[in-house]
Amino acid sequence: MKSAVETLNPTRVRLTVEVPFEELKDSLDAAYKKINQQVTVKGFRKGKIPARIIDQRFGRGAVLEEAVNDALPKLYTEAVNEGELNVLGQPEVDITELKDGELLTFTAEVDVRPTIEIPDYSGIEVEVDAVEVSDEDVEKAVEELRERFASTSPVERAAEDGDVVTIDLEAKVDGEVLEDGVAEGVSYTIGSGELLDGIDDAVKGLEAGAEATFTSELKGGSAAGKEAEVTVKVTQVASRELPELDDEFAQLASEFDTLEELKADSRKRLENMKQYDQATQAQERVLDKLLELVEVPVPEKLLEDEINTRKHNLEHHQLGQMGLNLEQYLEIQGKTVEEFDAETREAAVKGIKTQFVLDELVSKEKLNVSQEELTEHLMRRAASSGMSPDQFAQAVVQGGQVPMLVGEVARGKALAVVVEAATVKDTNGEVVDLDDEEDETGETVEASSEEAAEASEEKPEA
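Residues numbered from 1 in each chain as written. Predicted model: local features only at pLDDT ≥ 70, side-chain atom pairs only at ≥ 80, totals over all residues. Heavy atoms only, no water.

A. Spotlight on the nonpolar core. Ranked by internal contacts, the top residues of the largest apolar core, which has 35 residues, are Ile124, Leu290, Val357 and Leu361. Of all elements in the fold, only strand E5 (125-128), helix H7 (259-293), helix H8 (300-322), helix H10 (337-364) and helix H13 (402-421) reach the threshold of two or more residues within this core. Among the elements that line this core, the one with the most residues is H10, at seven residues. Leave out the neighbours within four places in its chain, and Ile124 touches Val286, Lys289, Leu290, Leu293, Val418, Ala422 and Thr423. (Core = buried A, V, L, I, M, F, W, Y, C linked by side-chain atoms within 4.5 Å. Buried < 20%, exposed > 50% of the residue type's maximum accessible area, 1.4 Å probe, protein only. Helix = DSSP H or I, 4+ residues; strand = E, 2+ residues; numbered from the N terminus. Contact = heavy atoms within 4.5 Å.)

B. Looking closely at the UniProt feature "domain: PPIase FKBP-type" (unreviewed entry) in the protein chain. Within the UniProt annotation, "domain: PPIase FKBP-type" (unreviewed entry) is assigned to residues 162-215. In residues 162-215, the share of helix is 9% and the share of strand is 54%. The end C-alpha atoms are 22 Å apart. (UniProt positions renumbered as here; feature names shortened; annotations may be inferred.)

C. Seen up close, the packing of aromatic side chains. Following the criterion strictly, the structure yields one aromatic pair and no others. Taking the centre distance of 6.1 Å and the plane angle of 90 degrees together, the rings of Phe149 and Phe249 count as edge-to-face. Here the residue Phe149 occupies a position in the loop between helix H4 (135-148) and strand E6 (151-154), and Phe249 occupies one in helix H6 (residues 247-253), the gap between them amounting to 100 residues. Residue Phe249 is classed as buried on the basis of its relative accessible area, which comes to 2%. (Phe/Tyr/Trp six-rings, centres within 6.5 Å; stacked < 30°, edge-to-face > 60°.)

D. Just the sheet that holds strand E3 (residues 87-99), in detail. Strand order in this open sheet of four strands is E1-E2-E4-E3, and the pairing throughout is antiparallel. Each edge of the open sheet carries a strand with a single partner, namely strand E1 (2-9) and E3. The sheet shows a mean angle of 20 degrees between the axes of neighbouring strands, taken without regard to direction. The sheet contact formed by E1 and strand E2 (residues 12-20) spans seven bridges and is antiparallel. In the sheet register, Lys2 faces E2, and the bridge partner there is Glu18. (Pairing = 2+ DSSP bridges. Axes fitted to C-alpha atoms, helices over the stretch in contact; angles between N-to-C directions.)

E. Structural context of a nonpolar patch on the surface. On the surface, Val93, Ile95 and Leu98 cluster together into a nonpolar patch covering about 210 Å² of accessible area. The residue Val93 is located in strand E3 in this model. Val93 sits in the partly exposed class, given a relative accessible area of 42%. (Patch = residues over 30% accessible without salt bridge, like charges linked within 9 Å, V, L, I, M, F, W, Y side chains within 5 Å. Areas by Shrake-Rupley, 256 points an atom, 1.4 Å probe, with all protein chains shown as cover. Salt bridge = Lys/Arg side-chain N within 4 Å of Asp/Glu carboxyl O.)

F. Just a negative patch on the surface, in detail. A cluster of acidic residues, Glu244, Asp246, Asp247, Glu248, Asp257, Glu260 and Glu261, forms a negative patch on the protein surface. Elements that contribute at least two residues to the negative patch include exactly H6 and H7. (Lys, Arg positive; Asp, Glu negative; His and termini not counted. Charge placed at Lys NZ, Arg CZ, Asp CG, Glu CD.)

Laid out in C-alpha cells, this is it:
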C-alpha cells in the first residue's frame, strides 16, 4: 500500500491511497464467506457455494463492494498512522479507481488538529478582585443565618412586609385557566421576590380569606413569558419572629459558644469564598490571555458539530427540564436568534481553541495523570452529577469515557502550569499567591476543559 498526504488547509488534509489487489485477499475471502451465509443456490449446501458460482449468480461487483467496505477502515487507519496524522472526526472517502485483480485507489479527506506553537507565556499578567470582607458582609451573613432560624405564628390581621402567607394561586391566559396554572397551599414570604412580579403589592393588606387579582409575566411553565391574570387567595397570615442576636443564638445556630466566635467564623468562610472566586478569575483571565497569544485555526466541520451539540443540549436537556422552548428562553433573555447564534458560535470557537492549546501544553510539558488525580476528578464529577461515585464510574467505563476524563484532568494541570508562571495581582496592586488554592484551581480548570471538550454546557438563565 502507498499513501500520500496533501494539505488542503491548516486543519484539513486529503489522503490518496493506492492498494495492490493482492492486499485485498483477506477481505475478498471474508466477502465470499459472508455472501455464502446469506444466499442459497440449488445444488449446493449453504455456506459451500464456490466463488465462481457466486460471481456468476450475484455478480463480481457485489463481492468487490463487500470486500472494499470491509477493507477500507483498516486501510484508512494504516494510511493515517503512516502519515502520522492527528485526525478529527470521520473522513469523507471516495473510491477513485477499482480495477479487478489490479488496483484499488481511494481518497479520504479529514480534519486534523492544527500545528500549534506555544509561545513564552511567563510574561502573562492579569488583575483579579482583591479578597476583602467588610463588617457589612459579615453582618449580612449572620443575618441570613438568623433568617433561617426564624419562627412563625399565625396572626389575625392584614398581611405586612416580612409576613409569611399561605396562598392559593390561579393563572389565566386569554381568559383560560392554564393546566399548570393552579397551586394551593403555597408558602410565601412577602418581600422575598421568590414568586411572581406584583404579588407583594397584591397580598399586602389582605387578611385570611381575602383575595386579589393582578397581572404578571409568567417565568416558567407552559406559558412562560406570557402575560397572565393571576388570582391570589390568602388562607393564612403568619408573622415571622427572628431570634435575638446573642450568645444563645450562636449556640443554637452553630458549634460556637459566643456570637463573636460565630462572626469570626463567618468572616473566615467569606474570605475562603472570595479566595475561590479570585482563583476562578485568575484562571479564566490567564486562559483568555494565553488564547490571545496563540494562533489557532478551527476546523469548520468540528465547529459546526460543536455548535449543533451545544444547541441540542440547551434545547433538549436544560430548557426541557425548565419547561421552556428556545423561543421562550430567548424572549426571557431579551435576545434575538442572531444574537444567540453569534454567542453560541463564539463560545464554541473558544472551547475548541482551549482544548487544542491545553492539549498541546500537555504534550509540551509532558504532563501525566495519576490514578489518584483521576479518582479525585471522578469524585468531583460524580458529586456534580448527583450520582454516587460507583454509579458514575460504572457509567464512565460503560460509555468509554475514561479517556475524556483523563483529558480533562490533564488540561487542568496544563492550565495550572500557565497560571503558576503568570503574574496575578489584585485590584490593590498586591501579588496574589495561588499556590495554596490547588483544589479551587482544579475545579475551575475542570470547567474550562469541559467546555473545550464538549462536556461543558452553559446553564441558561431564566
